[in-house]
Amino acid sequence: MRIERLELRLLRLPLVHFFETSFGRVFDRTFLLVTLEGGGEVGYGECVAEANPYYSSETTETAWHLIEAFIAPAVLGVDFAHPREVFPFLRRIRGHNMAKAAVEMAAWDLFARQQGVPLSQVLGGTRTEIASGVSIGIQDSLDQLADKVETELAAGYRRIKIKIKPGWDLAAVETVRSRFGAVPLMVDANAAYALGDAAHLAALDRFDLMMIEQPLDYDDVADHARLQRQIATPICLDESIHTVKIAEEAIHAGACRIINIKPGRVGGHGESIRLHDLCASHDVPVWHGGMLESGIGRAHNIHLSSLPNFSLPGDVAASKRYYVPDLIDPPIEVRPDGTIPVPKGPGLGVTIVGDRVSRATERAVMLRAG
Ligand code: OSB
Ligand code: MG
């Protein structure tokens, strides 16, 4: 698989509904789209870095710089036998996993299309459908939160995740439990607490949550291990898991019992598969996280979620919760039983609408070998 050209685009799409986490409220999504060309086929990768450095240190602009100045010059003209070679090939570049992942994932799509098989097949997926959950942001009132939960349960989603932060935690969980009973429920703090909040977080134990996601700092492992010894609710790590090595340390330290896999955070599909396999060997279940992706990134996530140890419902939901219209047509839909079928066509197996991509594009560059 020789990579002949790389097109980089900066896109912006308005969100159907604002999304609020412990670090703020967003009304639209800015992201990069990478298109690789080789052997008469194309492959697509969506970079999940956001406009701001609040979830992670990478931003759309740092990713643009890394791809244009370092990653594209490294991979253009190179003949890879398999896309799993791309991430190790880039090891001279430290960090910048989201920038690397956008190119690496496009290479997997390109490879699968060249083979004429679905991406899930080359990734090693075994499921024909995935279980879908939703991530519900911080709302203006508990009533609005209850309305949202009601809508999503009626749509069939297999589990509800609500975002929490100090001042929006116990009452929010209490509201959901008292209105909806024993539904599969979890919370995501996006690093909003400190170890000194352990007693406060232990008050969540009585709600029988599936897990609490990333309560402490974005780069912490040791304090999560200390916290896990003080609370019964299983800890799931998101932000902290930047590499397979850190995941191994976290598992051995007892810092988490569950891991959220986002390919952008760890450097792409190859590293996600290694992380998935590591967790499976330690009986740590994983689920697929979400980054408010367009249908292109969403399709990547669905294919990856077809691997066997993705045994919990992920944050991979229907397009219409995010963008109308989506960049793909038909959009990703969730069936009434809360599942999404894994696309069967070659590569991503979804149809990207060129003029919607063009209209959302704010900047573009075409890069070639040499
Ligand atoms: O922490 O999982 C997170 C969105 C942006 C950044 C971080 C996170 C999220 C979500 C939304 O929770 C998941 C989704 O619906 O795509
Ligand atoms: Mg999270």
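See the structure printed just above.
What counts and what doesn't
- Residues numbered from 1 in each chain as written.
- Chains lettered and ligands numbered in written order.
- Predicted model: local features only at pLDDT ≥ 70, side-chain atom pairs only at ≥ 80, totals over all residues.
- Heavy atoms only, no water.
- Near = heavy atom within 4 Å.
- Polar contact = N/O pair within 3.5 Å; in protein donor to acceptor, adjacent residues only side chain to side chain.
- 1 Å grid on protein atoms, 1.4 Å probe; cavity = no way out; pocket = protein on both sides within 12 Å on 5 of 7 lines; lining within 4 Å.
- Sits in = over half its atoms within 2 Å of the grid points.
- Nonpolar A, V, L, I, M, F, W, Y, C, P; charged D, E, K, R; others polar.
- Axes fitted to C-alpha atoms, helices over the stretch in contact; angles between N-to-C directions.
- Helix = DSSP H or I, 4+ residues; strand = E, 2+ residues; numbered from the N terminus.
- Parallel < 35°, antiparallel > 145°, perpendicular 65-115°, else oblique.
- Left-handed = near helix turned anticlockwise from the far one by under 90°.
- Contact = heavy atoms within 4.5 Å.
- Salt bridge = Lys/Arg side-chain N within 4 Å of Asp/Glu carboxyl O.
- Buried < 20%, exposed > 50% of the residue type's maximum accessible area, 1.4 Å probe, protein only.
- Core = buried A, V, L, I, M, F, W, Y, C linked by side-chain atoms within 4.5 Å.
- Points joined across faces, edges and corners; volume = space filled by probe spheres on them.
- Donors = N, O, S within 2.8 Å, 3.2 Å for Na, K, Ca; no water.
- Expected span 1.5 Å × (residues − 1).
- Pairing = 2+ DSSP bridges.

Q: What is the right way to read the site of ligand 1 from this model?
A: Neighbouring ligand 1 are 16 residues; S135, K163, N190, L292 and Y322 lie closest to it. One of the side-chain nitrogen or oxygen atoms of K163 is found 2.9 Å away from an oxygen atom of ligand 1. Contact between ligand 1 and K262: an oxygen atom at 3.0 Å from a side-chain N or O atom of the residue. Applying the majority rule of atoms within 2 Å of the grid points places ligand 1 in the largest pocket. Here the residues of the shell around ligand 1 are counted per class, giving five nonpolar, three polar and eight charged.

Q: Even after reading the chapter, I still don't get the packing of helix 9 (residues 244–253) against helix 11 (residues 269–281), so can you show me in this structure?
A: Interhelical geometry of helix 9 versus helix 11 gives an angle of 20° and a closest axis separation of 10 Å. In this view, helix 9 runs roughly parallel relative to helix 11, as classed from their interaxial angle. The two elements helix 9 and helix 11 meet at a crossing, and its hand is right-handed. Residue-level inspection shows V244, A247, E248 and I251 of helix 9 in contact with helix 11, the latter providing E271, R274, L275, L278 and C279. Residue classes in the contact of helix 9 with helix 11 are distributed as six nonpolar, no polar and three charged.

Q: What is the right way to look at the pattern of salt bridges in this model?
A: Side-chain pairs of opposite charge can arise where the charged atoms are in close proximity. Taken as a whole, this structure holds 25 salt bridges when the rule is applied. In this structure, the salt-bridge partner of R25 is E20, at a minimum N-O distance of 2.7 Å. Across the pair D315 and R159 runs a salt bridge, and its minimum N-O distance is 2.8 Å. Here R159 lies in the loop between helix 5 (142–154) and strand 6 (160–163) and D315 lies in the loop between helix 12 (295–304) and strand 12 (339–341), a separation of 156 residues in the sequence. The exposure class assigned to D315 is buried, which follows from its relative accessible area of 6%. One network of salt bridges, with partners in common, ties together R159, K161, K163, D188, E213 and D315.

Q: Please explain the nonpolar core as it appears in this structure.
A: For soluble globular proteins, nonpolar side chains are generally found buried alongside one another. Counting 122 residues, the largest nonpolar core has L6, V34, I67, I162, L204, I259 and L275 as its most contacted members. The element best represented in this core is helix 3 (residues 97–115), accounting for 10 residues.

Q: Explain the side chain of S120 to me, please; I cannot follow it from the model alone.
A: If you trace the backbone, S120 turns up in helix 4 (residues 119–123). Excluding anything up to four places from it in sequence, S120 contacts G125, H303, S306 and V342.

Q: What is the right way to read empty space enclosed by the protein from this model?
A: Unfilled space is identified by rolling a water-sized probe across the atoms. Considering all chains together, one arrives at one cavity of 30 Å³ or more under this definition. Of the pockets and cavities examined, the largest cavity occupies roughly 90 Å³. Lining the largest cavity we find 16 residues, and of these V48, M105, P263, G264 and E293 sit closest to its centre. Sorting the residues of the lining of the largest cavity by element identifies strand 3 (41–47), helix 3, helix 10 (263–266) and helix 12 as the ones contributing at least two each. Sorting elements by how many residues they give to the lining of the largest cavity places helix 3 first, with four residues.

Q: Help me understand the coordination of the magnesium ion (ligand 2) in this model?
A: Put simply, a metal with four donors set out as a tetrahedron has ideal angles of 109.5 degrees, and one with six donors set out as an octahedron has ideal angles of 90 or 180 degrees. Around the magnesium ion (ligand 2), the protein contributes the donor atoms D188 (OD), E213 (OE) and D238 (OD), at 2.1 to 2.3 Å from the metal centre. All donors of the magnesium ion (ligand 2) come from a single chain, and their spacing in sequence reads D-x24-E-x24-D. Of the two residues, D188 is situated in strand 7 (residues 185–188) and D238 in the loop between strand 9 (235–237) and helix 9; the sequence distance between them amounts to 50 residues. D238 shares its class with D188; the two are buried.

Q: Would you explain helix 3 in this entry?
A: Residues spaced three or four apart along an α-helix point in a common direction, a consequence of the helix completing one turn every 3.6 residues. Look at helix 3: 26 Å from first C-alpha to last across 19 residues, which is about the 27 Å you get at 1.5 Å a residue. Of all 19 residues making up helix 3, 17 are buried, and the element is well covered by its neighbours. Positive phi shows up at G116, right after helix 3, with a value of about 75°.

Q: Would you mind going over the side chain of N260 with me for this structure?
A: Turning to its location among the elements, N260 is positioned in strand 10 (residues 258–261). With a relative accessible area of 0%, N260 lands in the buried category. Every residue in contact with N260, bar those within four places of it in the chain, is listed here: E213, C236, L237, D238, R265, W287 and G289.

Q: When you look at helix 12 in this model, what are you seeing that I'm missing?
A: Along helix 12, 10 of the 10 residues are buried, which leaves the element largely enclosed by surrounding structure. Turning to helix 12, its buried residues are G295, I296, G297, R298, A299, H300, N301, I302, H303 and L304.

Q: When you look at the sheet that holds strand 13 (residues 361–368) in this model, what are you seeing that I'm missing?
A: Each strand in a sheet pairs with its neighbour through backbone hydrogen bonds, running either in the same direction (parallel) or in the opposite one (antiparallel). The strand order across the open sheet built from four strands is 3-2-1-13, with neighbouring strands paired in antiparallel fashion. In this open sheet, the two strands that pair with only one neighbour each are strand 3 and strand 13. Taken over all neighbouring pairs, the strand axes of this sheet differ in orientation by 25° on average, direction set aside. Note: strand 2 (residues 24–38) against strand 3, seven bridges, orientation antiparallel. Within strand 3, the residue paired with G38 across the bridge is E41. Packed on one face of the sheet, helix 12 meets strand 2 and strand 3 and runs near 95° to strand 3.

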